[in-house]
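Reading the structure
The lines below spell out each chain.
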Amino acid sequence: MFSLFNNSNANMKIKLIIRLWLTAVLLLLAGLIPATALYAHEIRPALLNIIEQKPGWFDVTWKVPVLSGYELDIQPVLPASLTPYGPPSSHDVPGAKIQYATYQAKDGGLAGETITIDGLSTTQIDVMVRINFVDGSTQSAILRPASPSFPVPSPWTKGAIAWIYLRLGIEHILQGIDHLLFVLGLLLIVGSRYTLIKTITAFTIAHSITLGIATLGYASAPVQPLNAAIALSILFLGPEIVRVWRGQTSFTIRHPWVVAFAFGLLHGFGFASGLTTIGLARAEIPVALLLFNVGVEIGQLFFVLIIVLLERSFRILEIRWPRWTEALPAYTIGGLGAFWTIQRVAIMVGGFIR
């Protein structure tokens, strides 16, 4: 485990900071950081919802997120067997644009037909496709930039649908670089194994609470102020990591689990954006919420495990780093937090001015 956990002296903490800095470098090399300039937290999927109201008649809802004020240039390409019935309609909602249309299927069904999302391959988001048939069966799929189309198969099993929500939760946390940097910042502050367990548990409980109440519709947070607040939580950790490096202390360093819980409430609303934006059917909410949250936890624990194993490997190899690298983790996390905070506040203020 972390060499920091024996609490023997400040030098051990400095070594941990140096070693975990390499982890941040690995994240940079892995390509996670370059996409953060504009879409660090904007990983909400688009939704294509198709409901068969009566045999051969389909109501189609297309919900595409508006990311940082920009509408994505993607559109669904439905099978040629579907003929539009009347003109489509659309309206804007906070953080998204919704289009409605009704279609009639010439051959009476969609099985074996192909649905494609035009323009998806040039983006960095996913598209959730859900089809509800008149006989009560359902189809669900996630289309990605690398695979923007799929043939509509026979109705899937409940297990396959459950796996979709579980995987969506895992991918949401692993693609959310701002969430991961916040967790990394907490790891750089904790001083013992017990404190780490308390801190991660507090963060988990907090974001589970707000994820649940937001998904169930009991509370919500405006997207732009929420994103700014999440960026501010990352900026907040930068100076605290510097204090650890200098051997100083603070309330956050002594009680990181309290800070993790407080900011975890904000991050929970952020997690909820990845689930509520797709417009869940009421009957799917309990299972989707549970499995999505489990997926988030799996992704989060996987990230923590990778950090722990890397640190252990560096300790065994006795890798030595120049002293100037000791402060880089704090300034990297604080710098990115400051950049995102300024960027998101500017976007939010610009929206108010318009």
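Whatever comes next refers back to the structure up there.
Residues numbered from 1 in each chain as written. Predicted model: local features only at pLDDT ≥ 70, side-chain atom pairs only at ≥ 80, totals over all residues. Heavy atoms only, no water.

1. Quick look at the overall build of the protein
Let me state the cut-off plainly: Strands here are runs of E lasting at least two residues and helices are runs of H or I lasting at least four, both read from the DSSP assignment and numbered beginning at the N terminus. Between two residues, a contact is recorded if the distance between any of their heavy atoms is within 4.5 Å. We get accessible surface area from the Shrake-Rupley algorithm with a probe of 1.4 Å; when it comes to residues, only the shown protein chains can shield them.
Looking only at helices and strands, the protein has ten helices and eleven strands in total. In the protein, of all internal contacts separated by at least 6 residues, the share reaching a separation of at least 24 is 75%. Roughly 16100 Å² of accessible area belongs to the protein as shown, and the carbon and sulfur atoms make up 64% of that amount.

2. A word on the sheet that holds strand β8 (residues 114-118)
Note the cut-off: Pairs of strands are assigned from DSSP output, requiring at least two bridges between the strands. A fitted line through C-alpha atoms serves as each axis, taken over the contacting stretch for helices, and the angle formed by two N-to-C directions is quoted from 0 to 180°.
The strand order across the open sheet formed by three strands is β4-β8-β11, and the pairing between neighbours is antiparallel. Edge positions in the open sheet fall to β4 (75-77) and β11 (149-151), since each of these has one partner strand only. Each strand of the sheet is rotated relative to its neighbour by a mean of 15°, with strand direction disregarded. Alignment of β4 against β8, held across three bridges, turns out to be antiparallel.

3. Notes on the pairing of strand β6 (residues 89-93)
As paired strands, β6 and strand β7 (residues 96-105) are joined by five bridges and run antiparallel to one another. Within β7, the position partnered with Ser89 by the bridge is Tyr100. Where β6 folds back onto β7 in an antiparallel hairpin, the turn is made up of two residues, including Gly95, whose phi is positive at roughly 80°.

4. Notes on the pattern of salt bridges
Worth spelling out the cut-off: Whenever a carboxyl oxygen of Asp or Glu lies within 4 Å of a side-chain nitrogen of Lys or Arg, that contact is scored as a salt bridge. The buried label applies to any residue whose accessible area, calculated with a 1.4 Å probe on protein chains only, is under 20% of its type's maximum; exposed applies above 50%, and partly exposed to all values in between.
Considering all chains together, one arrives at three salt bridges under this definition. Linking Asp178 and Arg344 is a salt bridge whose minimum nitrogen-to-oxygen distance equals 3.5 Å. Here Asp178, found in helix α4 (residues 177-189), pairs with Arg344, found in helix α10 (residues 328-353); they are 166 residues apart in sequence, far enough to count as distant. Where Arg243 meets Glu240, a salt bridge forms, and the shortest distance between an N and an O atom there is 2.7 Å. Taken as a pair, Arg243 and Glu240 lie in helix α6 (residues 223-245) at a separation of three residues, close to a single helical turn. Residue classification places Glu240 among the buried positions, given a relative accessible area of 6%.

5. Remarks on the environment of Gly335
Note that Gly335 resides in helix α10. A C-alpha to C-alpha distance of 9.1 Å links Gly335 and Ile234, two positions 101 residues apart in sequence.

6. What to know about the packing of α4 against α6
Spelled out, the test is: By the definition adopted for this analysis, an angle is roughly parallel if under 35 degrees, roughly antiparallel if over 145, roughly perpendicular if from 65 to 115, and oblique otherwise. By convention, the crossing between two helices is left-handed when the near helix turns anticlockwise from the far helix through less than a right angle, and right-handed when the turn is clockwise. Charged residues are taken to be Asp, Glu, Lys and Arg, nonpolar residues to be Ala, Val, Leu, Ile, Met, Phe, Trp, Tyr, Cys and Pro, and polar residues to be all remaining types, Gly included.
Two numbers describe how α4 lies on α6: the axes approach to 9 Å, and their chain directions differ by 25°. On the basis of the axis angle, α4 is roughly parallel to α6. For the pair α4 and α6, the sense of crossing is left-handed. Here Asp178, His179, Leu181, Phe182, Gly185, Leu186, Leu188 and Ile189 of α4 lie close against α6, whose contacting residues are Ile230, Ser233, Ile234, Leu237, Glu240, Ile241 and Val244. A class-by-class count of the residues in the contact of α4 with α6 yields ten nonpolar, three polar and two charged.

7. A word on the packing of aromatic side chains
Heads up, the condition is: By convention, a stacked pair of Phe, Tyr or Trp rings (six-membered ring in the case of Trp) has centres within 6.5 Å and planes under 30 degrees apart, an edge-to-face pair has planes over 60 apart, and any other such pair is tilted. Whether a charge sits over a ring depends on NZ of Lys or CZ of Arg being within 6 Å of the ring centre and within 35 degrees of the ring normal.
Under the defined criterion, the tally for this structure stands at four aromatic pairs. Taking 5.4 Å as the distance between ring centres and 35° as the angle between the ring planes, the aromatic pair formed by Phe182 and Phe203 counts as tilted. Residue Phe182 is found in helix α4, and its partner Phe203 is found in helix α5 (residues 193-215); the two are separated by 21 residues along the sequence. Given the relative accessible area of 0%, Phe203 is considered buried. A ring pair is formed by Phe236 and Phe263, whose centres lie 5.4 Å apart and whose planes are at 55°; its orientation type is tilted. In this pair, Phe236 is assigned in helix α6 and Phe263 in helix α8 (residues 256-276), connecting sequence segments 27 residues apart. When its relative accessible area of 32% is taken as the criterion, Phe236 is described as partly exposed. Ring pairs connect the aromatic residues Phe182, Phe203, Phe236 and Phe263, which therefore count as one cluster. When the ring centre of Trp57 is taken as origin, the NZ or CZ atom of Lys54, which lies over that ring, is 5.3 Å away.

8. Some words on the side chain of Ser233
Turning to its location among the elements, Ser233 is positioned in helix α6. Of the residues examined, Ser233 reaches a relative accessible area of 0% and is grouped as buried. Leaving out residues up to four positions away in the same chain, Ser233 has contacts with Phe182, Phe263 and His267.

9. A look at a nonpolar patch on the surface
Cut-off, in case you're wondering: Only residues whose relative accessible area exceeds 30% and that form no salt bridge enter a patch; like-charged residues are grouped when within 9 Å of one another, and nonpolar side chains (Val, Leu, Ile, Met, Phe, Trp, Tyr) when within 5 Å.
A surface patch of nonpolar side chains, about 240 Å² in accessible area, is lined by Ile205, Ile209 and Phe261. With respect to the secondary-structure elements, Ile205 resides in helix α5. Residue class for Ile205 comes out partly exposed when judged on its relative accessible area of 43%.

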